[in-house]
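Observations on the model geometry
In case you want the letters, here they are:
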Amino acid sequence: MITRFLTFLCLFLLAQATFAQTRGKSIFKKSQYQEVDFEDLMHRYFGKEAGSFNKLEGIYSVSCVITKSSRGFFKGNLKTKVVERKDNYARVAILKDWPDANRDYIEVSLSYHVADKYPIVGDMNTLSAGEAFIYKHIEPDGSSIDFSMAANSGDLIDGERSEILKRKTITYKLSYMKIFPKEKPQQIVLSK
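So, a few notes on the structure that sits alongside this text. Within each chain, residue numbers correspond to sequence positions counted from 1 in written order. Given that this is a predicted model, residues contribute local features only at a pLDDT of at least 70 and side-chain atom pairs are listed and counted only at 80 or more, while totals for whole chains, interfaces and linings are drawn from all residues. The side-chain quantities take in all heavy atoms of the structure and omit both hydrogens and water.

Attention now goes to the overall build of the protein. Helical segments are the DSSP runs of H or I of at least four residues, strand segments are the runs of E of at least two, and each set is numbered from the N terminus. A tally of helices and strands in the protein yields two helices and nine strands. Mapped from its N terminus to its C terminus, the protein presents α and β elements in the order α-β-α-β-β-β-β-β-β-β-β. Exposed residues in this analysis have more than 50% of their type's maximum accessible area, buried residues have under 20%, and partly exposed residues fall in between, with area computed by a 1.4 Å probe over protein chains only. Relative to its full complement of 192 residues, the protein shows a buried share of 26%. Only heavy atoms enter the contact rule, under which two residues are in contact if any of them lie within 4.5 Å. Taking the intrachain contacts of the protein between residues at least 6 apart in sequence as the baseline, contacts between residues at least 24 apart amount to 45%. All accessible areas in this document rest on Shrake-Rupley with a 1.4 Å probe, and a residue is counted as covered only by the protein chains that are shown. For the protein, the accessible surface area stands at approximately 14400 Å², while carbon and sulfur atoms represent 58% of it.

Looking now at the environment of Asp 37. One can find Asp 37 in the loop between β1 (34–36) and α2 (38–46). Residues in contact with Asp 37, not counting those within four places in the same chain, are Asp 116 and Tyr 118.

The next point concerns the pattern of salt bridges. The term salt bridge refers to a pairing of a side-chain nitrogen on Lys or Arg with a carboxyl oxygen on Asp or Glu at a separation within 4 Å. Within this structure, the stated rule accounts for five salt bridges. Asp 123 is paired through a salt bridge with Arg 103; the nearest N and O atoms lie 3.9 Å apart. With Asp 123 in strand β5 (residues 118–128) and Arg 103 in the loop between β3 (78–96) and β4 (105–109), the pair connects residues that are 20 residues apart, well separated along the chain. One exposure class covers both Asp 123 and Arg 103, and it is buried.

Here the focus is the packing of aromatic side chains. How two aromatic rings sit relative to each other is given by the distance of their centres and the angle of their planes. When the centres of two rings from Phe, Tyr and Trp lie within 6.5 Å, Trp using its six-membered ring, the rings pair. Their planes under 30 degrees apart give stacked, over 60 give edge-to-face, and anything left gives tilted. For the structure shown, the criterion picks out four aromatic pairs. Where Tyr 60 meets Tyr 176, the ring centres are 6.1 Å apart and the plane angle is 75 degrees; that geometry is what we call edge-to-face. Note that Tyr 60 is positioned in strand β2 (residues 58–71) and Tyr 176 in strand β9 (residues 168–180), a separation of 116 residues in sequence. Residues Tyr 135 and Phe 147 carry aromatic rings whose centres are separated by 5.9 Å and whose planes lie at 45 degrees to one another, so their mutual orientation is tilted. Taken as a pair, Tyr 135 in strand β6 (residues 132–138) and Phe 147 in strand β7 (residues 144–151) lie far apart in primary sequence, twelve residues in all.

This part is about the nonpolar core. Residues Leu 56, Ile 94, Met 149, Ile 157 and Tyr 176 are the most contacted members of the largest nonpolar core, which totals 19 residues. If you list the elements that add at least two residues to this core, you get β2, β3, β6, β7 and β9. Ranked by residues supplied to this core, first place goes to β2 with four residues. Here, nonpolar core refers to any group of buried Ala, Val, Leu, Ile, Met, Phe, Trp, Tyr and Cys residues whose side-chain atoms link them within 4.5 Å. Val 36, Val 108, Tyr 118 and Ile 120 belong to the second largest nonpolar core, which has five residues in total.

In short, geometric facts, not functional conclusions.
This is how it looks when you write it as structure tokens:
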């Protein structure tokens, strides 16, 4: 009788552990990101013609500031408050996309929680001479948010998006600081 009870108890615990493992796998929601693996990244890299790299491509550290602005009811003074600030919260790579793609550049997350997957979290289209862009940020659920971006001199890209909710203006500012490759300072050669 005791052996049957212990056998039943062991089988019951084994079934519970198996059930808990299968339930535990569904903790992470399936994301809607288009993903590339390391081999696809290498194909994109080596598929380029020599010397076809431009100054936008590289690895960036991303920071964000969210502000909320509103006017006072009676005085009309503009009040601006920083709601959230995240410094260097993500690392991304910006790569030129395939020539026949419907986007100029892709933004690939290098700080994703799955080691061998690199989701495409955004795309950019050039507006004028490579200095202004429309950036579409892609959320894990597949929705997208548009930003207008400008490449500043040096290794910085700034983006901004504003939305009005009731009487408040919420502004999202993104800053991309290039980590690699850094532009080499030009050397001045003096002749004798």
